[in-house]
Amino acid sequence: MTSDAQGPEELGSEDQPFHFTDKRKVTPEGQPKEAAPEGAGSAGDDAEQDPLAGLDFEPTGEAGDDAALLAAQSEAAAHLDALQRERASFTNYRNRSLRDQEAARVKGVEDVLGALLPVLDDIDRARQHGELDGPFVAISDKLDASLAKFGIERYGVVGEEFDPNVHEALMHQVDPEATSATVNMVIEPGYRIGEKVVRAARVSVVGPE
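Calculation notes
- Residues numbered from 1 in each chain as written.
- Predicted model: local features only at pLDDT ≥ 70, side-chain atom pairs only at ≥ 80, totals over all residues.
- Heavy atoms only, no water.
- Helix = DSSP H or I, 4+ residues; strand = E, 2+ residues; numbered from the N terminus.
- Buried < 20%, exposed > 50% of the residue type's maximum accessible area, 1.4 Å probe, protein only.
- Contact = heavy atoms within 4.5 Å.
- Areas by Shrake-Rupley, 256 points an atom, 1.4 Å probe, with all protein chains shown as cover.
- Core = buried A, V, L, I, M, F, W, Y, C linked by side-chain atoms within 4.5 Å.
- pLDDT = per-residue confidence, 0-100.
- Patch = residues over 30% accessible without salt bridge, like charges linked within 9 Å, V, L, I, M, F, W, Y side chains within 5 Å.
- Salt bridge = Lys/Arg side-chain N within 4 Å of Asp/Glu carboxyl O.
- Pairing = 2+ DSSP bridges.
- Axes fitted to C-alpha atoms, helices over the stretch in contact; angles between N-to-C directions.
- Phe/Tyr/Trp six-rings, centres within 6.5 Å; stacked < 30°, edge-to-face > 60°.
- Lys NZ or Arg CZ within 6 Å of the ring centre and 35° of its normal.

1. What about the overall build of the chain?
Secondary structure summary: the chain contains four helices and six strands in total. Ordering the α and β elements of the chain from the N terminus gives α-α-α-α-β-β-β-β-β-β. Put simply, the chain has 209 residues, and 16% of those count as buried. Within the chain, contacts between residues at least 6 apart in sequence are counted, and of these 61% link residues at least 24 apart. Accessible surface, the chain: about 16600 Å² in total, of which carbon and sulfur atoms supply 55%.

Below, the structure written as structure tokens:
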């Protein structure tokens, strides 16, 4: 009787080598095998999964010092800009305050001058008519000096050229030989504070037709 079964020698022949893979979940001693940590792999696998792994983006050494210096410079520039703005604002406020103070001072002097104009006109007329004598001459001179301290100027004299910006012509006389209009009589002198005319000089004018 012939048997077709093959022995172990034939199964393990050199023509067909036998490979054994141990897929058991327990060791031969009956202990469970330790599972590999989740996500564990070779260094090559880690590089393929995360090409940025292992890179350090935090500045260190000189790079960190440069970053801190740039931050400090930026903060200093911001403080300097704020300080310059405050200084410019204060300068504008100071200049505006000085202008307001000067305008208020001039307005006050103008109001006082306006109240004194009738008295000044009376003194001027008395002077023109020779009625100002004795101690009143000294008083008149002191009054003129006091007005000058506040920038008040009296103007208007015979012979000066007529200027409609500072003169008010109450009378006009014709002179065929005249080449321009001139003041031939001052009825009331004019007063100004600096360049501002408080009252124009009221005069009589002579000039060509």
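2. Observations regarding the nonpolar core
Among the nonpolar cores identified, the biggest contains nine residues, and these are Val106, Val109, Leu113, Leu117, Leu120, Leu147, Ile152, Tyr191 and Ile193. The greatest single-element share of this core, amounting to five residues, is contributed by helix α3 (residues 62-128). Once you skip the residues sitting within four places of it in the chain, Leu147 turns out to touch Leu116, Leu120 and Ile152. Residues Tyr155, Val183, Val186 and Val203 belong to the second largest nonpolar core, which totals seven residues.

3. Description of the confidence of the model for the chain
Of all residues in the chain, 69% have pLDDT values of 70 or greater, and the mean over the chain is 80. Within the chain, no element has a lower average pLDDT than helix α1 (residues 8-11), which sits at 46, and none a higher one than strand β4 (residues 190-193), at 95. Confidence over residues 39-44 falls short of pLDDT 50; this stretch has one contact with residues more than four positions distant or in other chains.

4. Some thoughts on a nonpolar patch on the surface
Side chains of Leu170, Met171 and Met185 sit close together on the surface and give an oily, nonpolar patch of about 260 Å² of accessible area. Mapped onto the secondary structure, Met171 falls in strand β2 (residues 167-174).

5. Details of the sheet that holds β2
One key point about sheets: their strands pair by backbone hydrogen bonds, in either a parallel or an antiparallel sense. Pairing in this open sheet of three strands is mixed, and the strands run β2-β6-β3 from one edge to the other. If you trace the sheet from one side to the other, it starts and ends with β2 and β3 (182-188), each paired once. Between one strand axis and the next, the sheet turns by 25° as a mean value, whatever way the strands run.

6. Remarks on the sheet that holds β4
Read from one edge of the open sheet, three strands run β1-β4-β5, paired in antiparallel fashion. Across the chains shown, the open sheet's two edge strands, defined by having one partner strand only, are β1 (152-155) and β5 (196-199). Strand-to-strand, the axes of this sheet are offset by a mean angle of 35°, without reference to chain direction.

7. Structural notes on the pattern of salt bridges
By the definition in use, this model includes 14 salt bridges. Notably, a salt bridge pairs Arg154 with Asp144, separated by 3.1 Å at the nearest N-O pair. Here the residue Arg154 occupies a position in strand β1, and Asp144 occupies one in helix α4 (residues 135-149), the gap between them amounting to ten residues. Residue classification places Arg154 among the partly exposed residues on the basis of a relative accessible area of 34%. Here Asp144 falls in the partly exposed class, since its relative accessible area comes to 23%. Between Glu168 and Arg202 there is a salt bridge whose closest N-O contact spans 3.5 Å. Of this pair, Glu168 sits in strand β2 while Arg202 sits in strand β6 (residues 201-207); the two residues are 34 residues apart in sequence, bridging distant segments of the chain.

8. Some details on the packing of aromatic side chains
Throughout the structure, instances matching the rule amount to zero aromatic pairs. Above the plane of the ring of Tyr155 lies Arg192, whose end atom (NZ or CZ) is 4.3 Å from the centre.

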